[in-house]
Amino acid sequence: MRSFSSGESARLIGVADGYLRQLSLSGKGPAPAVGPGGRRSYTLQQINDLRHALDEGSKGKRYVPHRSAAQHCQVLAVVNFKGGSGKTTTAAHLAQYLAFHGYRVLAVDLDPQASLTALHGYQPEYDVQANETLYAAVRYDGARRPLSEVVRRSYIPGLDIVPGNLELMEYEHDTPRALAERSAEPFFGRVASALGSVAGNYDVMVLDCPPQLGFLTLGALCAATGLLITVHPQMLDVMSMCQFLLMASDILGVVQESGADLDYDFIRYVVTRHEPSDAPQTQMVGFMRSLFRERVLTNTMLKSTAISDAGLSKQTLYEVGRENFGKQTYGRAIESLDAVNGEIERLIAQAWGRAA
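The rules behind these values
- Residues numbered from 1 in each chain as written.
- Predicted model: local features only at pLDDT ≥ 70, side-chain atom pairs only at ≥ 80, totals over all residues.
- Heavy atoms only, no water.
- Phe/Tyr/Trp six-rings, centres within 6.5 Å; stacked < 30°, edge-to-face > 60°.
- Helix = DSSP H or I, 4+ residues; strand = E, 2+ residues; numbered from the N terminus.
- Buried < 20%, exposed > 50% of the residue type's maximum accessible area, 1.4 Å probe, protein only.
- Lys NZ or Arg CZ within 6 Å of the ring centre and 35° of its normal.
- Contact = heavy atoms within 4.5 Å.
- Pairing = 2+ DSSP bridges.

Student: I'd like a description of the packing of aromatic side chains, backed by residues and values.
Tutor: Across all of its chains, the model carries 8 aromatic pairs by this definition. Ring geometry for Tyr-97 versus Tyr-318: centroids 6.3 Å apart, planes at 40 degrees, classification tilted. Taken together, the residues span a long stretch of sequence, with Tyr-97 in helix 4 (residues 87-100) and Tyr-318 in the loop between helix 12 (305-312) and helix 13 (327-351) at a distance of 221 residues. Note on Tyr-318: relative accessible area 6%, which makes it buried. Aromatic pair Phe-100 and Tyr-318: ring centres 6.0 Å apart, planes at 70 degrees, arrangement edge-to-face. Note that Phe-100 is positioned in helix 4 and Tyr-318 in the loop between helix 12 and helix 13, a separation of 218 residues in sequence. According to the relative accessible area criterion, Phe-100 is buried, its value standing at 4%. These aromatic residues form a ring-pair network of at least three members: Phe-4, Tyr-97, Phe-100 and Tyr-318. Over the aromatic face of Tyr-122 sits the side chain of Arg-152, whose NZ or CZ is 4.9 Å from the ring centroid.

What follows is the structure, encoded as structure tokens:
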């Protein structure tokens, strides 16, 4: 994981750069690395240490945003029926944004294609063996394992991951048989039970769901406290999303009658790969806002070559330095990501009863 400049570190912590310099000169907190020209930089672990140090001496402002025991762990499912809507990009950047801002985050890859896993340094074909995905914690036979044994640390402090691979498809094959045999624990509660067993270690969980309305996606929808529905602002994509919502509504209605508890703190539509200069896309965004009103996030995730270029090296834009891109291209993309994720962070705060 790269280091952060003094200015970036100050913004992440929520203090002025000058104050961070004062702390460094007075010997308080971890010592930053000093590069050419006296430029100071901090690792993310040092930033977290600074947060704790500032929190201990604070008389009101919170620097460590961990939830209290009375505030439930936020489980955010990123969903859509259609591939290419930006689910994994949204989930990965959201999980990392929250980790960079001091939250304890668990990213859960529910997609057999395992792109979220690959983005965080694990090659699903080689680094993830049998019974090392979420399937291990939700399977129906005696090989079931606690989820705590499956969770892996990522190279980002504060961000853990439950990896995925093709093994996740086994759950789609096993569940019909378990339904016929009337398994003791219903399929729609197994994901929630597995996540609940480790919820005490985290503030937020981000679930990257597969592009299908299968049993894993239904389990994620039943476990979630918040839904983020990604949609590319084109007519066919919006039509596909509407079909997804209709099917999900019908199936979840049946699941709810069987005892599932569906209680979301918020549901939001996230406009992805948005090109504001594209008139038809702008019209479509306006159409969505007229239909769904405040449930469409105010900010949109812009289409950017910077995000695509970062993906070539299996990284998010948050991981690569701004020196790898043109200043305007990088600034526009990072501003868009921060605006979307900041809006979601405020929704989490409101769900916890904190001031937005």
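Student: Can you tell me about helix 9 (residues 215-223), naming the residues and giving the values?
Tutor: Taken across its 9 residues, helix 9 has 8 buried, putting it largely inside the fold. For helix 9, the secondary structure elements touched by its buried residues are strand 4 (74-79), helix 7 (169-180), helix 8 (187-196), strand 8 (204-208), strand 9 (226-231) and helix 10 (235-257).

Student: Give me the lowdown on the sheet that holds strand 2 (residues 33-34), citing residues and values where you can.
Tutor: Pairing between sheet strands relies on hydrogen bonds along the backbone, with the strands arranged either parallel or antiparallel. Strand order in this open sheet of 3 strands is 1-3-2, and the pairing throughout is antiparallel. The two strands at the open ends of the sheet, each matched to only one other strand, are strand 1 (4-5) and strand 2. One ladder, built from 2 bridges, connects strand 1 with strand 3 (residues 40-42); its direction is antiparallel. Along strand 3, the bridge assignment pairs Ser-5 with Ser-41.

Student: Residue-level account of the environment of Tyr-126, with values.
Tutor: As for its position among the elements, Tyr-126 is in the loop between helix 5 (115-119) and helix 6 (135-138). On the basis of relative accessible area, Tyr-126 is assigned to the exposed category, the value being 62%. Separated by 14 residues in sequence, Tyr-126 and Pro-112 have C-alpha atoms that sit 14 Å apart.

Student: If you had to explain unusual backbone geometry to someone new, which residues and values would you point to?
Tutor: One non-glycine residue, Asn-131, lies in the positive phi region at around 65 degrees. Residue position: Asn-131 is located in the loop between helix 5 and helix 6. Here Asn-131 falls in the buried class, since its relative accessible area comes to 13%. Phi angles above zero are rare outside glycine, and Arg-293 is one such case at about 50 degrees. As for its placement among the helices and strands, Arg-293 is situated in the loop between helix 11 (279-292) and helix 12.

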